[in-house]
Each structure stands twice: as structure tokens, then as C-alpha cells.
There are 2 protein chains.
Amino acid sequence: MESRIDRIKKHLHSSSYKLTPQREATVRVLLENEEDHLSAEDVYLLVKDKSPEIGLATVYRTLELLTELKIVDKINFGDGVSRYDLRQEGAAHFHHHLVCIECGAVDEIQDDLLEDVEAIVERDWNFIIKDHRLTFHGICHRCHDKTKEETAK
Amino acid sequence: MESRIDRIKKHLHSSSYKLTPQREATVRVLLENEEDHLSAEDVYLLVKDKSPEIGLATVYRTLELLTELKIVDKINFGDGVSRYDLRQEGAAHFHHHLVCIECGAVDEIQDDLLEDVEAIVERDWNFIIKDHRLTFHGICHRCHDKTKEETAK
DNA sequence: GATTCAAAATAAAATAATTATCATTAAGTG
DNA sequence: CACTTAATGATAATTATTTTATTTTGAATC
């Protein structure tokens with residue numbers, strides 16, 4: 001964890017940004033909640049627990065900066081808020097998401113899966129892919145299993 | 001075009017909604033600008049040209065209704081606005097998009113391309129896919145060609 | 001054709017998310 | 001240490017969207 005923060009620090013420095021205490025607190029919250037898909041407001045409330053003097057605007061600015069540096073990815077699942085997701089270290093592309101339309105859970109798929117598709121798109125559409133967003137909407141295994149149990153009764 | 005409106009009309013009726021003049025005007029704007037990815041505001045302004053008395057809230061409600069009936073798909077490319085895209089008639093899934101990070105153009109891919117990926121996700125994650133969103137961010141063929149010409153000089 | 005009734009539309013206000021402004025503070029740098 | 005710049009915090013402003021209260025519309029019935 002510390003080493004990861006160190007690397008983020010270096011990443012910031014290499015673009016001549018500083019890892020201020022506020023930025024570090026924000027990054028720590030993201031690291032501690034890596035599984036979740038936090039909104040700016042969510043991050044703000046969590047950071048506030050440890051650093052109560054921080055302002056919401058600073059959180060927004062930090063998240064924007066981290067997005068710009070591709071340390072986090074900004075994503076939108078169709079509800080009105082942007083969510084922020086730490087990118088896996090060394091990952092060239094953004095990972096995929098499974099959004100459950102029953103319970104709202106968001107699971108992540110780290111596997112690439114798109115190599116073949118991207119090759120086709122680059123060749124047939126002459127489009128140079130820099131990044132992607134892939135989200136499946138459907139019923140997650142938990143809700144699915146639950147339905148099966150209900151039916152079995 | 002008229003027949004397509006007729007089918008949308010029937011679709012609405014089958015869910016006991018009516019195709020009111022305002023809704024028809026909105027649908028016509030969507031049909032006439034099928035290539036584009038209009039925001040609610042865009043749609044509103046275009047509808048207003050022909051039916052100046054329409055209200056923005058009505059446009060929002062209509063777009064929401066059409067989304068619910070899967071006549072249009074609501075999509076978000078990361079700028080702050082939702083965009084609305086007519087679904088191809090008979091299409092089971094939403095088509096894909098190529099967003100150019102140079103010029104901002106949005107091109108569509110109607111081919112499915114995801115059959116294999118979806119099979120893997122359904123099998124390995126036990127997730128029942130109902131819909132998807134796939135967007136590639138990169139450099140479109142137009143910007144790409146332009147760069148090549150520049151270099152050739 | 002008049003009447004009734006529910007759905008839909010309008011206008012305006014409210015809400016929610018995000019961004020901009022600006023005075024203040026902190027962090028380097030000469 | 002003075003000076004310049006960057007970053008922050010509080011708040012105001014903006015933008016997108018939704019809600020509310022009220023009016024209008026149009027089909028169904030008398």
C-alpha cells in the first residue's frame with residue numbers, strides 16, 4: 001500500500017504535481033475502497049472522516065487530476081453521478097463492469113476479453129483504440145441464484 | 001419513415017401509451033437526426049423549431065418513456081450530458097460507439113462483435129446479460145488520415 | 001354534441017451534481 | 001526572508017434533470 005502511494009507520488013511528480021496531504025488522503029480512500037465505485041460525494045465523506053477540514057471542491061479537483069493522469073478512471077453507469085475507479089497498476093485499458101439491474105451491484109472483470117474485437121475494429125474501421133468502456137447490464141449471480149431458490153420452493 | 005412512426009405508435013399503444021403530437025414531434029426529430037447523438041437539450045431545440053410551444057420537461061419525459069420502451073437508448077460519453085440514440089429496429093442489443101478524442105466525432109458500429117465475449121461472461125461469471133454498452137475511445141480514421149498527410153509533407 | 005375523466009402537457013420551482021470564483025494558506029525558490 | 005506560484009476551502013454560480021401544481025387535451029360515454 002505504501003509503495004503504491006509512493007508510485008502514485010512519483011507519477012504526480014513526473015507531471016510536476018505535488019502529492020499534497022489532501023491528495024494523499026483522497027488517494028488513500030480510493031485504495032481502501034478499491035472494490036467500490038465511489039462517487040465524488042462518497043469520496044468526500046470518507047476523506048472527511050480522517051481529514052475533516054477538506055473541501056468538496058478539492059476532492060473534485062483531485063479526482064479530475066487523477067483521471068487526467070490515468071490513475072483513476074471516471075465512469076458513469078447511467079444514474080446521474082460520475083464514479084471513480086482506480087486503474088490496476090500497469091493496466092493499459094480500463095476493466096469491464098457487470099451492473100446488476102436487480103440489486104444494483106457492480107462487479108468488475110479484470111480480464112481483457114476484447115483483444116479480438118479490438119483487432120477487428122482497428123482493422124475494419126481504421127480506428128486507433130486508446131481506451132474502452134464495456135459494461136454489461138443484466139442479472140448478477142447472486143440475484144440469479146436467489147430466483148432459482150425461490151422457484152425451487 | 002411514416003411506417004416507422006406507425007410501428008413506434010403501435011409499440012406505445014401496446015403499453016397503453018399514446019403517441020401525442022409532442023411525442024410524435026420528438027420521435028420525428030430523433031428519426032431525422034439518427035446519425036447524431038443528441039442530448040435532451042439538443043432534441044428540445046430541434047423540436048422547438050417545428051413545435052415552439054413544447055416544454056423541455058415534456059421532452060425529458062418523452063425521452064425517458066422511449067428509453068423505458070427500448071425505442072431509444074440513453075448513453076453517456078463522459079461529458080456531463082445524457083444522449084439519446086434510436087435503437088435499430090429489431091436489434092436485441094445496443095450498438096457500439098467509436099468516440100474520437102481528437103475531433104469528438106462519434107461513429108456507430110452496428111455489428112454485434114460481442115457474441116463470444118458475452119458467452120464467456122455468462123458462463124464464467126454466471127451473469128445473465130440483458131444489454132451492454134461498449135465504447136472505444138481513440139483516433140478516428142479521419143483524424144488519423146489527416147495526421148498521415150501532415151507527416152508526408 | 002355535451003360531459004366526464006384520466007392522461008399528458010405546461011410553466012415554474014426545486015434539486016442534485018459539478019464547476020468557477022476568490023481570498024487565504026502553504027510550498028518552494030532565489 | 002521576501003517572492004512567486006500552486007493548491008486549498010468556502011461559497012456562489014452553473015448546468016442538467018426532476019418534481020410539483022395547475023391546466024389542457026382528447027377519447028369514451030351519455
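Residues numbered from 1 in each chain as written. Chains lettered and ligands numbered in written order. Predicted model: local features only at pLDDT ≥ 70, side-chain atom pairs only at ≥ 80, totals over all residues. Heavy atoms only, no water.

Visitor: Just to check I follow, could you spell out the sheet that holds strand β5 (residues 106–109) of chain B for this structure?
Guide: Across a sheet, paired strands are connected by hydrogen bonds in the backbone, their directions being either parallel or antiparallel. The six strands are arranged β5(A)-β4(A)-β6(A)-β6(B)-β4(B)-β5(B) in an open sheet whose pairing can be described as mixed. The strands lining the two open edges of the sheet, one partner per strand, are β5 (106–109) of chain A together with β5 of chain B. Along the sheet, successive strands turn relative to each other by an average axial angle of 20 degrees, direction set aside. Two strands pair when backbone bridges link them, and strand β6 (residues 128–139) of chain A and strand β6 (residues 128–139) of chain B are joined in this way by 11 bridges, in the antiparallel orientation. Its bridge partner lying in β6 of chain B, Leu134 of chain A is registered against Leu134 of chain B. Of the strands in this sheet, β6 of chain A together with β4 (96–100), β5 and β6 of chain B touch helix α5 (residues 115–125) of chain A, which is tilted by about 130 degrees from β6 of chain A. The sheet contacts of helix α5 (residues 115–124) of chain B involve β4 (96–100), β5 and β6 of chain A together with β6 of chain B, and relative to β6 of chain B the element is tilted by about 130 degrees. (Pairing = 2+ DSSP bridges. Helix = DSSP H or I, 4+ residues; strand = E, 2+ residues; numbered from the N terminus. Axes fitted to C-alpha atoms, helices over the stretch in contact; angles between N-to-C directions. Contact = heavy atoms within 4.5 Å.)

Visitor: Explanation requested: the pairing of strand β2 (residues 72–76) of chain A in the structure shown.
Guide: Residues and elements named next belong to chain A. Sheet analysis places β2 next to strand β3 (residues 82–86), joined by five bridges and oriented antiparallel. Residue pairing for β3: Lys74 is matched across the bridge by Tyr84. Adjacent in sequence and paired antiparallel, β2 and β3 are bridged by five residues, among which Gly78 carries a positive phi angle near 105 degrees.

Visitor: So what exactly am I meant to see when it comes to the interface of chain A and chain B here?
Guide: Interface size is often expressed as the accessible area that is lost when the parts come together. Taken residue by residue, the interface counts 33 residues in chain A and 33 residues in chain B. In total, chain A and chain B occlude about 3,000 Å² of area from one another, counting both sides; carbon and sulfur atoms represent 71% of this. Ranking the residues of chain A by area buried against chain B places Trp125, Phe127 and Phe136 of chain A at the top, with a combined share of 22%. Where chain A touches chain B, the interface holds zero salt bridges. Summed over the shared surface of chain A and chain B, the number is 12 residue pairs in polar contact (both at pLDDT 80 or more). Of all elements in the fold, only β4, β5, α5, β6 and α6 (141–152) of chain A reach the threshold of two or more residues within the side of chain A that touches chain B. Ranked by residue count, the leading element in the side of chain A that touches chain B is β6 of chain A, at 12 residues. A class-by-class count of the residues in the side of chain A that touches chain B yields 18 nonpolar, eight polar and seven charged. (Buried area = accessible area lost by both parts, 1.4 Å probe. Salt bridge = Lys/Arg side-chain N within 4 Å of Asp/Glu carboxyl O. Polar contact = N/O pair within 3.5 Å; in protein donor to acceptor, adjacent residues only side chain to side chain. Nonpolar A, V, L, I, M, F, W, Y, C, P; charged D, E, K, R; others polar.)

Visitor: What should I look at first to understand the UniProt feature "binding site: Fe cation" (unreviewed entry) in chain A in this one?
Guide: Per the UniProt annotation, the sites labelled "binding site: Fe cation" (unreviewed entry) are Glu115 and His132 of chain A. Spatial clustering of the annotated residues is evident: they stretch over 18 residues in sequence, but the largest pairwise C-alpha distance comes to 11.4 Å. One can find Glu115 of chain A in helix α5. Classification of Glu115 of chain A by relative accessible area gives exposed; the value is 51%. By secondary structure assignment, the location of His132 of chain A is in strand β6. Discounting residues that sit within four places of it in the chain, His132 of chain A has contacts with His93, Phe94, His96, Asp112, Leu114 and Glu118 of chain A together with Thr135, Phe136 and His137 of chain B. Of the polar contacts made by the side chain of His132 of chain A, one reaches the backbone oxygen of Phe94 of chain A; its length is 2.8 Å. (UniProt positions renumbered as here; feature names shortened; annotations may be inferred. Buried < 20%, exposed > 50% of the residue type's maximum accessible area, 1.4 Å probe, protein only.)

Visitor: Quick question: what am I supposed to make of the sheet that holds strand β1 (residues 38–39) of chain A here?
Guide: Residues and elements named next belong to chain A. If you walk across this open sheet you meet the three strands as β1-β3-β2, and the pairing is antiparallel. Across the chains shown, the open sheet's two edge strands, defined by having one partner strand only, are β1 and β2. The sheet strands contacting helix α4 (residues 56–68) are β2 and β3, and the helix crosses β2 at an angle near 110 degrees.

Visitor: Help me understand unusual backbone geometry, please; the structure alone is not making it clear to me.
Guide: Trans peptide bonds make up the majority, and among non-glycine residues the majority have a negative phi. All names here are of chain B. The phi angle at Leu113 is positive, at roughly 70 degrees, despite the residue not being glycine. Position of Leu113 relative to the elements: it lies in the loop between β5 and α5. Positive phi values are uncommon outside glycine, yet Asn126 reaches one of about 55 degrees. On the basis of relative accessibility, which here comes to 27%, the residue Asn126 falls in the partly exposed class.

Visitor: Mind showing me how you'd approach a negative patch on the surface here?
Guide: Among the surface-exposed residues, Glu115 and Asp116 of chain A together with Glu115 and Asp116 of chain B lie close enough to one another that they form a single negatively charged patch. Of all the secondary-structure elements, those providing two or more residues to the negative patch are α5 of chain A together with α5 of chain B. Turning to its location among the elements, Asp116 of chain A is positioned in helix α5. (Patch = residues over 30% accessible without salt bridge, like charges linked within 9 Å, V, L, I, M, F, W, Y side chains within 5 Å. Areas by Shrake-Rupley, 256 points an atom, 1.4 Å probe, with all protein chains shown as cover. Lys, Arg positive; Asp, Glu negative; His and termini not counted. Charge placed at Lys NZ, Arg CZ, Asp CG, Glu CD.)

Visitor: What's the story with the protein's contact with DNA strand D in this structure? I'm lost.
Guide: Near DNA strand D lie 18 residues; those nearest to it are Thr20, Gln22, Thr58 and Arg61 of chain A together with Tyr60 of chain B. Across the atoms of DNA strand D situated within 4 Å of the protein, the share located in sugar and phosphate is 72%. In the environment of DNA strand D, a phosphate oxygen lies 3.3 Å from a nitrogen or oxygen atom belonging to the backbone of Glu53 of chain A. Backbone polar atom of Gly55 of chain A to a phosphate oxygen of DNA strand D: 3.1 Å apart, as the coordinates give it. Counting only elements with at least two residues in the surface near DNA strand D, the list comes to α2 (21–32) and α4 of chain A together with α4 (56–68) of chain B. In terms of residue class, the surface near DNA strand D is built from seven nonpolar, six polar and five charged. (Near = heavy atom within 4 Å.)

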